[in-house]
Amino acid sequence: RPQDGMKTCRGALSEGAAVVVDLLALGICRSRGAALRNARWGDVGSTAAPICEGSGLPEEWDGELLARAHEPLTMPDEAAVVLADAGSLRRAYRYCARLTQLHSRTFSLACALLPRPKRQAAQALYAFCRVSDDLVDRPGCYRGLSFSEWRTMALSTRPPADDPVALAWADARSRFGIPLGYAEQLLEGIAMDLQVRRYRTFRELARYCYAVACTVGLMFMHIVDFTSRAAIPYALRLGVALQLTNILRDVGEDWQRGRLYLPLEELSQFGLSEEDIAVGRADSRWREFLAFQIGRARCLYDLAMPGVALLGRDGRLAVAAAAELYRAILHEIEKQGGDVFSKRAYVSLWGKVRRLPRAWWRSQRALAPVARPA
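Residues numbered from 1 in each chain as written. Predicted model: local features only at pLDDT ≥ 70, side-chain atom pairs only at ≥ 80, totals over all residues. Heavy atoms only, no water.

## Some details on the overall build of the protein chain
Move 1: Per the secondary structure count, the protein chain includes 18 helices and zero strands.
Move 2: In the protein chain, which comprises 374 residues, the share counted as buried stands at 55%.
Move 3: When contacts within the protein chain are restricted to residue pairs at least 6 apart in sequence, those whose partners lie at least 24 apart make up 76%.
Move 4: In the form shown here, the protein chain has an accessible surface area of approximately 16600 Å², with 51% of it arising from carbon and sulfur atoms. (Helix = DSSP H or I, 4+ residues; strand = E, 2+ residues; numbered from the N terminus. Buried < 20%, exposed > 50% of the residue type's maximum accessible area, 1.4 Å probe, protein only. Contact = heavy atoms within 4.5 Å. Areas by Shrake-Rupley, 256 points an atom, 1.4 Å probe, with all protein chains shown as cover.)

Right, here's the structure in full:
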């Protein structure tokens, strides 16, 4: 019975995950298996290849991304020297936990499914990303620092003991062997927002997605552990899927900031222009365009899921949950008729809870891919 499995799962996880697992069991019992029967990702345990006709994914679209993902693994890293006492480290990690809870309930929920050391490291990773992203748009918003000053501090192997995010992030990097090269690639990607505000093709957009999202997934992968580098292509696909979901959800907000992350060539193919985005015109052309983009994102989620089996066992549920909950945003966008201009699509608390059984079931039944994908 699924609820019996939850008892075992609850005993194996940290105290921070206990409440989540209780909700998980409640969701399984109340849904009486409905969440499993209605899974949008197909039958549980199926080994059939995902169907992604018409997704618009170019051939070998991820070849360049794979090359970039392997670069940091070949670069020598200097271990971080954290000159702080245990109390300072505890306060630093608590600060990162609060920052994560404040800005991302979905990521916080996924983190709660990790054992405490990994949960703390994941929250430190999120805090590093959050501060970096905020400083691009609002210089000085974190401790009066500029983006350049923060970059130097965040990449330092000897972080200042009085900066909670830099301290916790350096400690997490050291403990879990996170390659510094991924952090450098992320910061380069975030800095692109200062110069690049349009993307002509999906390939160009995929490069940006790699820099700001796939790098995060690759760092997270080192925290939860993985069996081999065969997991990397799956991490890339999930990273692009997550970022595409964010892009579709935030079209209106990004336009107000002077940015448009939708491929211009594809907008044109559906008879759309930047003027349509400017006025928030959610007509039939826009809905068709959005259906195409959502289909591609769902395809990438499908292609990413076999990689869950290549992760450390105690990290699989967190990754599967994050994928399931972010994917649900696409459904919310469809429910509001594609209007991403006047309102922000989000998943309610109960919407998240009732989707957790499916994530748990898939993480338990995850089958390792037979061979590394091309």
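## Concerning the packing of aromatic side chains
Move 1: Summed over the entire model, instances satisfying the criterion amount to 14 aromatic pairs.
Move 2: Seen from their ring centres, Phe-107 and Phe-220 are 6.1 Å apart, and the 65° between their planes marks the pair as edge-to-face. With Phe-107 in helix α6 (residues 105-111) and Phe-220 in helix α11 (residues 202-224), this pair connects stretches of sequence that are 113 residues apart.
Move 3: Residue Phe-220 is classed as buried on the basis of its relative accessible area, which comes to 12%.
Move 4: Considering the side-chain rings of Trp-286 and Phe-341, the 5.0 Å spacing of their centres and the 45° angle between planes classify their relative orientation as tilted. Taken together, the residues Trp-286 in helix α16 (residues 284-304) and Phe-341 in the loop between α17 (313-335) and α18 (349-364) connect sequence positions 55 residues apart.
Move 5: Taking the relative accessible area as the measure of exposure, Trp-286 reaches 1% and is therefore buried.
Move 6: The residue whose ring lies beneath Arg-237 is Tyr-234, and the NZ or CZ to ring-centre distance is 5.5 Å. (Phe/Tyr/Trp six-rings, centres within 6.5 Å; stacked < 30°, edge-to-face > 60°. Lys NZ or Arg CZ within 6 Å of the ring centre and 35° of its normal.)

## Focus on the pattern of salt bridges
Move 1: With the rule as written, the count across this model stands at 27 salt bridges.
Move 2: Across the salt bridge formed by Glu-334 and Arg-298, the nearest N and O atoms sit 2.8 Å from each other. Residue Glu-334 is found in helix α17, and its partner Arg-298 is found in helix α16; the two are separated by 36 residues along the sequence.
Move 3: The class of Glu-334 is partly exposed, set by a relative accessible area of 38%.
Move 4: Its relative accessible area of 12% is what places Arg-298 among the buried residues. (Salt bridge = Lys/Arg side-chain N within 4 Å of Asp/Glu carboxyl O.)

## Thoughts on unusual backbone geometry
Across residues other than glycine, the phi torsion is negative in most instances, and most of the peptide bonds are trans.
Move 1: Positive phi values are uncommon outside glycine, yet Glu-60 reaches one of about 55°.
Move 2: Even without a glycine there, the phi angle at Asp-225 is positive, about 85°.
Move 3: Considering the arrangement of structural elements, one finds Asp-225 in the loop between α11 and α12 (232-249).

## Some thoughts on the environment of Val-165
Move 1: On the secondary structure map, Val-165 appears in helix α9 (residues 164-176).
Move 2: On the accessibility criterion, Val-165 (0% relative accessible area) is buried.
Move 3: Placed 42 residues apart in sequence, Val-165 and Gln-123 show a C-alpha to C-alpha distance of 9.7 Å.
Move 4: Every residue in contact with Val-165, bar those within four places of it in the chain, is listed here: Tyr-95, Cys-96, Ala-127, Phe-128, Val-131, Tyr-142 and Trp-150.

## Comments concerning empty space enclosed by the protein
Move 1: Applying the stated criterion to the full structure yields one cavity of 30 Å³ or more.
Move 2: By volume, the largest cavity is sized at about 30 Å³.
Move 3: Lining the largest cavity are Ile-247, Val-251, Asp-254, Arg-259, Leu-260, Tyr-261 and Leu-262.
Move 4: A breakdown of the residues in the lining of the largest cavity according to their chemical character gives five nonpolar, no polar and two charged. (1 Å grid on protein atoms, 1.4 Å probe; cavity = no way out; pocket = protein on both sides within 12 Å on 5 of 7 lines; lining within 4 Å. Points joined across faces, edges and corners; volume = space filled by probe spheres on them. Nonpolar A, V, L, I, M, F, W, Y, C, P; charged D, E, K, R; others polar.)

## Notes on the nonpolar core
Move 1: If you look at the biggest cluster of nonpolar residues, it comprises 112 residues, and the most contacted ones within it are Phe-128, Trp-150, Leu-262 and Trp-286.
Move 2: The element best represented in this core is α11, accounting for 15 residues.
Move 3: Setting aside residues up to four positions removed in sequence, Trp-150 forms contacts with Phe-128, Val-131, Ser-132, Leu-135, Tyr-142, Leu-145, Asp-163, Val-165 and Ala-166. (Core = buried A, V, L, I, M, F, W, Y, C linked by side-chain atoms within 4.5 Å.)

## Things to note about the packing of helix α8 (residues 147-154) against α9
Move 1: The contact between α8 and α9 brings their axes to 10 Å, and the two run at 35°. For the pair α8 and α9, the contacting residues are Trp-150, Met-153 and Ala-154 in the first and Val-165, Ala-166, Trp-169 and Arg-173 in the second.
Move 2: Looking at the contact of α8 with α9 residue by residue, the classes come out as six nonpolar, no polar and one charged. (Axes fitted to C-alpha atoms, helices over the stretch in contact; angles between N-to-C directions.)

## Considerations on the packing of α12 against α17
Move 1: Viewed as axis vectors pointing N to C, α12 and α17 meet at an angle of 30°, and their least axial separation amounts to 10 Å. The chirality of how α12 crosses α17 is left-handed. Residues Leu-238, Leu-242, Thr-245, Asn-246, Leu-248 and Arg-249 of α12 pack against Val-319, Ala-322, Ala-323, Tyr-326, Ile-329, Leu-330 and Ile-333 of α17. (Left-handed = near helix turned anticlockwise from the far one by under 90°.)

## A look at the state of the cysteines
Move 1: For the coordinates displayed, the defined rule picks out zero disulfides.
Move 2: Cys-214 provides the cysteine sulfur closest to Cys-209, a residue in no disulfide bond, and the two sulfurs are 6.9 Å apart.
Move 3: Take Cys-209: its relative accessible area is 0%, and that puts it in the buried class. (Disulfide = S-S within 2.5 Å.)

## Let's talk about the environment of Ala-235
Move 1: Tracing the chain through its elements places Ala-235 in helix α12.
Move 2: Judged by its relative accessible area of 14%, Ala-235 is buried.
Move 3: Beyond its immediate chain neighbours, meaning those up to four positions away, Ala-235 contacts Leu-218 and Met-221.

## Observations concerning the confidence of the model for the protein chain
Move 1: Confidence in the prediction of the protein chain, expressed as mean pLDDT, is 86, and 83% of residues score 70 or more.
Move 2: Here residues 1-21 is modelled with pLDDT under 50, and outside its nearest four sequence neighbours on either side it reaches 33 contacts, counting other chains as well.
Move 3: Contacts for the low-pLDDT stretch residues 23-51, under 50 throughout, to residues beyond four places or in other chains number 45 contacts. (pLDDT = per-residue confidence, 0-100.)

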